[in-house]
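# Fold and contact review
Here are the chains, one letter per residue:
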Amino acid sequence: MLAKSRKSVWLIISLAFVIISTQLSFSPSQVSAASNLALNKPVTASSHTQVYTAANATDGNQATYWEGAASSYPNGLRVDLGSSETVNQVVLKLPAAWGSRTQTLSIQKSGDDASYTTVAASADYVFSAGSNTVTINFASTSARYWKVNVTANTGATGGQISELEVYGPSSTPVPSPTPTPTVAPTATPTAISAFVQTAASSYNSQFGIQLESSSEGGQNVAYVDNGDYIAFNNVNFGSGASSVSLRVASQTSGGNIEIRLDSATGTLAGTCAVTGTGGWQSWTTKNCSVNTISGVHQLYLKFTGGTGNLFNVNWFKFTAPAAGGDVVGKIFAGYQGWFTAGGDGSPLNNWTHWSKNNNTLSPNSNVNVEMYPDISEYTKLYQTNLGNLGNGQPAKLFSSYDQETVNKHFEWMQSYNISGAALQRFGADASSAPNTWRQNRDSVAVKVKNAAESYGRKFYVMYDITDLSPTQWVNNVKTDFTNNVVGAMNLTGSSAYAKQDGKPVICIWGIGFTDRPGTAAESAELIAWFKNQGYYVIGGVPTHWRNGNEDSKPGFLDVYKSLDMLSPWFVGRFSQLAGADHYKTNQWQPDFAFTQANGIVYQPVIWPGFAWKNMKNGPINEIPRLHGDFMWRQAYNLKSLGVNTGYIAMFDEYDEATAIAKAAANSSMIPNNQYFLTLDADGVAVSSDFYLRLTGDIARLFSNEIPLTANHPTTHQ
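Residues numbered from 1 in each chain as written. Predicted model: local features only at pLDDT ≥ 70, side-chain atom pairs only at ≥ 80, totals over all residues. Heavy atoms only, no water.

What follows is about the overall build of the chain. Secondary structure summary: the chain contains 10 helices and 32 strands in total. Taken along its principal axes, the extent of the C-alpha atoms in the chain is 105 × 50 × 50 Å. Looking at the chain residue by residue over its 717 residues, the buried ones come to 56%. Sequence separation of 24 or more characterises 76% of the internal contacts of the chain that already satisfy a separation of 6 or more. Here the chain displays about 27600 Å² of accessible surface, and carbon together with sulfur accounts for 51% of that area. Averaging the locations of the 45 positively and 50 negatively charged side chains of the chain gives two centres separated by 4 Å. (Helix = DSSP H or I, 4+ residues; strand = E, 2+ residues; numbered from the N terminus. Buried < 20%, exposed > 50% of the residue type's maximum accessible area, 1.4 Å probe, protein only. Contact = heavy atoms within 4.5 Å. Areas by Shrake-Rupley, 256 points an atom, 1.4 Å probe, with all protein chains shown as cover. Lys, Arg positive; Asp, Glu negative; His and termini not counted. Charge placed at Lys NZ, Arg CZ, Asp CG, Glu CD.)

And the structure:
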């Protein structure tokens, strides 16, 4: 109590000093000009931290602010009015919803921006929660340049100003009127925007936490234990927020941040998992989906986890659904683009993926693919050693190296309502030595970019980490992405490159599989590396990712939870309609519930069927397509659960008979001396484009353009 009393005494003395030095009581009041002379005028600062630049102080928006560099007082903020103006008042503001704080500051003026004189001596000014506005009056004086010098701040380690307003007097001083006692109206609380970066330290109330100096400037919320929270009043989410970014750091294994509305036990809008970052000041930005929040709410960030300190929080910012988000709510198809042909002019110049040994295809010898494409629409084809097709035409095949071929595939995507392609990227390598495989893949990647731009489709890069170096795979992906994907090819700079929530999309396929490289820590590192550069990260994960068994390594759950979108692999895992029904109950429903609870978008893999007799000598028609019923049942079951996003495996995977691209409908379209699976293998004739049309109808189903029906609406011909 004694310390508190001393503090009150000093506060009274300080306020008295302010009254005397600023002539608040002993000079006639003056009516300032209505116009803020500093609005949108050039402004500079002696320093700033993070994104809190000087420009925020004259933009007319009280929610944005300038903050000086940490512990580098004095922090100066200077505005140029453009010409000499008569001024008698400076108004300083902080975001209205911030808690109270006291700043020690002075006001100076200059005519040449070189020599400054003081017009309001250094004093303590209290910014009170609610209005957070301080008005400083002084005798009228003229100058072009006006400066605020901050030397202390009880709310942060640097000066903070959200608005620096400068006003001039009217022509005639007006005496102060005799005050009449009135009852002050209750102030309407000012709402703060959920969509601006807000310091966690500016809470209105809290439970259990403390503040400490942040290495990134200002103060961060620290000493967070299970059950603690911070709360912010009157947060305006407008017409809707769908995700949140949180700046966090942790020296332990972390915990969770629950986004709750209106009370610490109120509506749970989302949960953001925070994993260890390597230190209490090793900051990373965590991006998480939330159930759509709209209107004005009291926002609670509630912290949960194990025992001891969990993590630190520096700031948060919500994001509205991006107009035209390219992936969520859409159907994308995996695009291999890995076929070459002898004489195609590619760096490989052989029959990669068509044959087992890269030589020209010969009957019953080296054929690798299970399905034969419908070649009727390709303008560039290459002769094989196979017998003529059943219709008498020569047995030719396309090369994915040709721009004409890639164009045809993306033309089909456009025609059949497929949003775009996940461009497979194999064999990431940190070496810059010449490599014909990479040269070929890079060339195809650029052609995919060109085709996507030409046909109004989207694409994103999907790294397949299969067979990468167990010790170097993370570095290989980082180097390849930096030097080749972004550097040499600038794929992410294309207008056709897919974005979600305003962020370019990247996918890492193979995380957590028992037969793929990578520890949980390595996978988390790569995901964080992409996220810290502003990417929306999709993970291609094992079927049993949620339980961490069978095809999934244990101990990866936190890694999976760190993804923006999660895409489990289901190809070959079940068959027949009963298998799809079993997966609905035992896999997809609990998967989807888990991702919703953890703010992750669910992108299940949907596939038409599977076989690889020619490649592996497996059974003929091993997992039948059932003339479209098998693929539709997967989509029907998923949509009935509420899923609206899907990944088709694959667009051009003729190797394992999962292609939806045009394929041989019957024996008239395959060589007469070699087995190939045809689309009529189940006893029902379907057109070569049937699975493209079926995929287009799945896209319409997922976007609510057609009703949910147990039987597919796609005609077989």
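Back to the text.
Once that is clear, we can look at the environment of Gly-308. For Gly-308, the position within the fold is in the loop between strand S19 (296-304) and strand S20 (312-319). Classification of Gly-308 as partly exposed rests on a relative accessible area of 40%. Residue contacts for Gly-308: discarding those within four places in its chain leaves Val-224 and Asp-225.

Before going further, it helps to spend a moment on the state of the cysteines. Going through the model one piece at a time under the given rule, you end up with 1 disulfide. One disulfide bridge connects Cys-272 with Cys-288, the sulfur atoms lying 1.8 Å from each other. Given an S-S torsion of about 75°, the disulfide between Cys-272 and Cys-288 has right-handed geometry. With Cys-272 in strand S17 (residues 267-274) and Cys-288 in strand S18 (residues 279-293), this pair connects stretches of sequence that are 16 residues apart. Taken as a pair, Cys-272 and Cys-288 share a single burial class, namely buried. Here Cys-507 stays unpaired: no disulfide links it, and the sulfur of Cys-288, its closest cysteine neighbor, is 18 Å away. Assessed through its relative accessible area of 0%, Cys-507 is described here as buried. (Disulfide = S-S within 2.5 Å.)

Right, let's talk about unusual backbone geometry for a bit. That bond from Ala-649 to Met-650 is cis: its omega, -5°, falls within 30 degrees of zero. Notably, Asn-349 is not glycine yet its phi reads approximately 50°, a positive angle. Relative to the helices and strands, Asn-349 resides in the loop between strand S21 (331-335) and strand S22 (382-383). For Leu-626, which is not a glycine, the phi torsion comes out positive at approximately 55°. Relative to the assigned elements, Leu-626 resides in the loop between helix H8 (613-616) and helix H9 (629-641). Taking relative accessible area as the criterion, Leu-626 reaches 17% and is therefore assigned buried.

Turning our eyes to something else, we now look at the environment of Gly-266. Assignment of secondary structure puts Gly-266 in the loop between strand S16 (255-261) and S17. Sequence separation between Gly-266 and Thr-86 is 180 residues; the distance between their C-alpha atoms is 52 Å. Residue contacts for Gly-266: discarding those within four places in its chain leaves Arg-260 and Leu-261.

Keep in mind these numbers describe shape, not what the thing actually does.
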